[in-house]
Amino acid sequence: MADTTLFPLRSWIESEADEDKLHDGSKKFRDLEEDNNTPNNSNNNKRYKESIIRRTTIAYGIAELLKRSSNENGELDETNIIRIDNFTVSISNSKQRGSSRSWDDIEGVGMISSGFSLMIEEPSYLRGLLEREENCDSQMGRCLEVEFTSAVPQENLMTGTEAEAATVSMSEQENNRCNLFARLLYELFSCEPFPDDALAVDADATPSKEEAAQKRAKSHDMSSRKNLMVTRARGDFDRAEIPFQIRCIVRMQKLGIPASICLMTQNLLESALREDGGQLHDAYESLGAVGEDLHLLLLDPDRFLFDDESHIIQNDVQLLYRKDKLYGRDKEETLITDAFCRVSRGESEAFFIGGFSGSGKSMLVNSLRDRVKCVGGYTIKHKFDPTSQEKPLSGVISAFNQICLMIRGRARPVIAKKLGEEFGVDFSLLMRLLPNVGVLLPEHVRPVINVDAGEAMNARSVSFTLLRFVRVVSSPSHPVMLFLDDIQWADSTALDVIQKILSDAKTMGSYMFFVGTYRDNEVQVDHPIFDLMEKLEISNVQTTKVSLSGLDQEDLNTMISDALCLYPRICKSLSGIIFQKTKGSPFFVLEFMQSLKSRGLLEYNFHQKRWVWNEDIIRAEDITDNVRHLLSSKMNGLSDNLQTLLKIMACFGSSCTSESVIGYLSESVEYAEVRNGLERAFIDGFIVTNEEGSLQFVHDKVREAAYNLIPDSDKRQFHYHLGKALNSICDGKDVGDTIFLIASLINHGKEWILRDEELSIAFAKLNMKAGKRALDGCDHKTAYSYLEAALSLLPEDHWENHYDLSLSLNFLMAGAAKSCCQYVEAEQILRRFSERCRCFEDKLPSYYLLSQIFQTQGRVVDAYDTCSFVLLQLGETIPDLVALDAVKTMAKDTLTMYQEVDDDWLERKMEDETFHKLQFYTSIAYSSFFCKSNSLLVYFTCKAVQLSLQKGICEHTPLSLLQFTGVVANNDNAVLRIAKNALSLQERFDLAAQIPELYITFYGRIAWRFEPFQDCANNLRRGFETGLSSGNNDLGLQCAVQLIKTNIFSGSNLKSLLNEIDYYLHLLKTFQISRGINLIITFRETVSVLIDKGQATSIKGSMEAKAAFGDLNDPGNRLRDVFYFHQAIQAYWSGYTERCHHYIEKYMSVTGQVVRLTTFQMEFYHGKEAEDALMVMILLLFYILLNLYLFSISNVTGLNSIDKYRGKNSFKCREIARNCISTMREAAANSDWNFTNKLCLLEAEQQSLSYNHCQAIASYDASITSARKSGFIHEQGLACEKAGFYHKRNGAVCKAAEYFKQARECYEEWGSSMKVDFIQGELNNVQILVNSELARGR
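Residues numbered from 1 in each chain as written. Predicted model: local features only at pLDDT ≥ 70, side-chain atom pairs only at ≥ 80, totals over all residues. Heavy atoms only, no water.

This brings us to the sheet that holds strand E11 (residues 512–518). Overall, parallel pairing links the 5 strands, which are arranged E9-E10-E11-E8-E12 in an open sheet. Because the sheet does not close on itself, it has two edges, and the strands there are strand E9 (378–383) and strand E12 (542–548). The mean angle between the axes of side-by-side strands here comes to 15°, regardless of whether they run parallel or antiparallel. Summarising the sheet, strand E8 (residues 349–355) and E11 pair through 6 bridges and their orientation is parallel. Within E11, the residue paired with Phe351 across the bridge is Val515. Lying over the sheet, helix H17 (residues 394–408) contacts E9, strand E10 (480–485) and E11, oriented at roughly 150° with respect to E9. (Pairing = 2+ DSSP bridges. Helix = DSSP H or I, 4+ residues; strand = E, 2+ residues; numbered from the N terminus. Axes fitted to C-alpha atoms, helices over the stretch in contact; angles between N-to-C directions. Contact = heavy atoms within 4.5 Å.)

Structural data, given as structure tokens:
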């Protein structure tokens, strides 16, 4: 062995004795127990332990050497082999620290007689870890393996398997080897020769004074070794009081040798007594078992090797459970670890763990927490209980709220910046949902604004907001593990949120690992858990399912061995009994052992320093096999204070309990002493403190047992009195979410509350307060349950005697029902509400909410009629029809009024009566767009703006202003000023819920005239996200449609756009939004055609989407123009000129019949005849790639028309071009970025028609340059393509080839393989001409 020194074992023992002075040192070590604070004693303690470990290491090496040595025929004299003088020790020179020895410097042992030797070392896979921890001197112990290094013939050595087989057939010889090895151990550890009378019973052996204080041995007949051993085996007396009796063992104990070595030596000696007939269960069968025990001592010396009485508390010895060790779950632990590793690489997953209560589901998940933390991840957790369905979303939301506090201590600046960029103007929505996010972005925190019931977020919006949040906070370096425990009690609403988040994470590359545990013996096949699993699999979210049963007997024995700090072989018979009683349930096992201990069936022997028991008595005991009953029996013997504390916490459910709640209760007379039970509850292991510092039961079964302390007949009354006590103390205080706990407790006493009207009203208000808090936290289902409870507590005459309370309750309930998508229920509540209102003013909020419900359901006629009825009652005039001239005059007057007013009007607040009028005008304008004439839309819009100009502003003013910009679309100065005012008011009122409608109005229909298309697209994306986050799904969808159009128009990469569209389709499917899905599919089909004519990118459903457009011959079908628009765009880019022209004409004929409002606007503001204006509009619409409201410009079809008419009708061709160029020039004057490249391209084509060569080339180049600057890669390619064809027609084939190459590069970047292939074909043709010219030139 390299860098080692070889010593005879006896010489090493003598030198060890000289250096450490073990005899005196042992005494000092005992003294150290009394005063372990002095540095000298601390050093003695350390040297003592190091010496014991070195000797144990040598013993382990010798045992392994003897186990592998062959002596099958018994030819060798074992007496001469198994002795100190026959062995050598190899000592590492490198591990010695100066003159001192190291605890791990034993490198090997050798046998002199046979020449065998072996190395003792850590496995190679552990060396790197141990090297990193070598500075940790306080931890001793290691995993060892042996390797034979001698050069003797291999046939003289046995493998481990052969050695074990040999011991079976040589039991008598093994007994002798065990006896000899016991003598060797004695000499190795005591440094004394094995005495001749070592096996005699020491009749004078008595416990020390210290031990007598614990337990004193009883008087028994110990006259012989045989009687002693046989009596011990039979269990005829109290084993807990027997000290070591064999003289050599007594001597070892007096020398300070650990009890574990003393016990091992005694068991080795006992193996020689089998012929005496004793049932010596603890005796060794072979040296192989000795080697295993020695290895265990070295692996965990603090638990198994050294005598450690730190677990003795007030003369009570504690079982030393490994609280963080997972037994018997190696396969499952590997599965969950591998799943998390995949998540950290970017694949979100779900992991479901089923099993009965107490099977170790939570322990399996907790085994992963250190790994999550190690890689920088976040672990968030929530535990459901039987009351969770009353608060379905609060648990999930609170779990995500935890992340914010975790981020604060890690990556706050980076994450905060990303959150600000992601949520922007709708940060208030996130703040409502996750209040803790304020610690990350304190500059965004604003005062809490009361939530309008009509604008409440719903479960879908909560899901979308959370998934946006997860996208930001999760990353490869910070994956998120969401652990939901006991999801068999979760509401389907909460599970739907998880499904949506995980499905999005799979699509958008979030790093989310969901782990859900459930009691599989308590759920049926129709439980929402299995529906969740199925949906995740359909969404291609990788899902793993495992089921935990009880531990097998071997793993159970390891668990018990660890708890007793005793060799596993000694615990086997006890483990067998416990296995039969508990079926291997880990938690049941722990409680069962505690029960044995408390009943005196499992006792600690202070003399031998080990646990002892009587198996026959335990086996015969009639002990329940129900852990809950076992715990309840244990709790019945507790003090009154402790029982009361456990009952109280059990009533709180599985959720964590803040000590402040216990503090509140202790202020009451009835529960004044409850805090006194806390310390004992911790000591007895009933409750623990979690990471947040809150109290919780150590296990569900403990809570269930504590709850069973309350008789069933008294449970409701106990809850009620507990809630009343808390309420009386907390009344008037801001107790946060504790309001939910108080209300839930009090609601158990409904039968007593209804007997007292004063209490009924008080507790109805309490429930309403809880409902409002739930609404503020976006948990609408919880809010509805509390509001419903409040309503049920009111007396029958509550409308007469408690009118205001009834009014508020019903309105809040309707809003909560709407947010839960229970539209029928919400409508019924509102209609009952209206019938009981005393005046019309009190009905106004319900009418407005009803109109919003109708709009959400698509019942626009009902919404219109509702608003119309209200406005008529408010004294307004609602015409059935409005003449065009009247609308013109009204629009002029409104614009004049706006232009004459100064900005001071923005500071005037609108009065309530006018507020309601504006509220309903804004709503009726929206409905009229779908079911009435466009002139009425203008009328309502103007009326709304006039009210704001005359009476001041409110939160509905921004939307009415932006709607008005559609009326004054061609007055650029007015549009910009109006839009600026509207958006500033939106920020002032923090109208996150209105952002979708504001943005679709401005960025989808107006802003393109002044701002880059890319900026419009970014804001439309924000409108889409805010729409889904705030619950405005329809408006969010409209933003998505405009966004897709704008992205097509701005030349976004087609393949990326296709992925984005697929994401929108995924969201529509996930959130179960059916309206609009066919429209999105139609856009997808257009993008697919632009990529490759749909050959590889088209999807199933495109034909169904086309069929959804209905009868295209029906003049009343308003979807025809959308269909013709897409067909024209697809045909143009595909090169189908005739088909394109056909659909253009179809589109023109449809829009000529339908778009009356646009015709009026064009005529009024352009001062042109309606026919000419309509022609311009139609030509502009013909060019569009994005459905812009007034001017929709495209280079595509107009140029196609030029191509079509060239040579056939040149006059008409030039006329069309002139109209387009004139209109485009006006647009470019407002937005150079968006329209200059298009203007230049149209001018180039016009010049080409007029054969103005120089001007045409200059215009083509100008168009290319402008498109490049604006980032319109598709139009840059189109300009290059047109320039190439122009040069080709004029014979400049080399120049044409250059332009075609540029066009190909642009189309490649755009992502259109269809256009790339087309241009490549033209390049090939041009190259033939180029080669021909070159040939002629030669």
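Once that is clear, we can look at the packing of aromatic side chains. The full count for this structure, using the stated rule, is 37 aromatic pairs. Geometrically, the ring pair formed by Phe1285 and Phe1318 is tilted, given 6.2 Å between the ring centres and 40° between the ring planes. Of the two residues, Phe1285 sits in helix H61 (residues 1273–1289) while Phe1318 sits in helix H63 (residues 1313–1337), which places them 33 residues apart along the sequence. For Phe1318, a relative accessible area of 37% translates into the label partly exposed. Among the aromatic side chains, those forming a connected cluster through ring pairs are Phe464, Phe1024, Tyr1063 and Tyr1064. One Lys or Arg, Lys715, reaches over the ring of Tyr707 and ends 4.8 Å from the middle of that ring. (Phe/Tyr/Trp six-rings, centres within 6.5 Å; stacked < 30°, edge-to-face > 60°. Buried < 20%, exposed > 50% of the residue type's maximum accessible area, 1.4 Å probe, protein only. Lys NZ or Arg CZ within 6 Å of the ring centre and 35° of its normal.)

Attention now moves to the side chain of Ser357. Mapped onto the secondary structure, Ser357 falls in the loop between E8 and helix H15 (361–366). In this structure Ser357 touches Arg519, Ser585, His699, Asp700 and Lys701, once residues within four positions along its chain are discounted.

We now examine the pairing of strand E3 (residues 106–111). Among the 6 residues that make up E3, 6 are buried, leaving the element largely enclosed by the rest of the structure. Here strand E2 (residues 87–92) runs beside E3; their pairing, made up of 5 bridges, is antiparallel. The partner of Ile91 across the bridge, within E3, is Ile106. Across 3 bridges, E3 lies against strand E4 (residues 117–121) in antiparallel orientation. Bridging across to E4, Val109 finds its partner in Leu118. Linkage of E3 to E4, two consecutive antiparallel strands, is achieved through a turn of 5 residues, within which Gly115 is found at a positive phi near 80°.

This part is about helix H43 (residues 912–931). Here H43 is 20 residues long and its end C-alpha atoms lie 29 Å apart, about the 28 Å a rise of 1.5 Å per residue gives. The buried fraction of H43 amounts to 15 of the 20 residues, a majority that puts the element mostly inside the structure. (Expected span 1.5 Å × (residues − 1).)

At Asn540, a position not held by glycine, the phi torsion is positive, near 65°. Residue position: Asn540 is located in the loop between helix H22 (528–538) and E12. With phi around 60°, Lys609 is a residue other than glycine that occupies positive phi space. In this structure, Lys609 sits in the loop between strand E13 (602–605) and strand E14 (610–613). Lys609 sits in the partly exposed class, given a relative accessible area of 29%.

Next up on the list: the pairing of E9. The two faces of a sheet get side chains in turn, since along a regular strand they alternate between them. With 5 of 6 residues buried, E9 lies mostly within the body of the structure. As paired strands, E9 and E10 are joined by 6 bridges and run parallel to one another. Paired with Lys383 across the bridge in E10 is Asp485.

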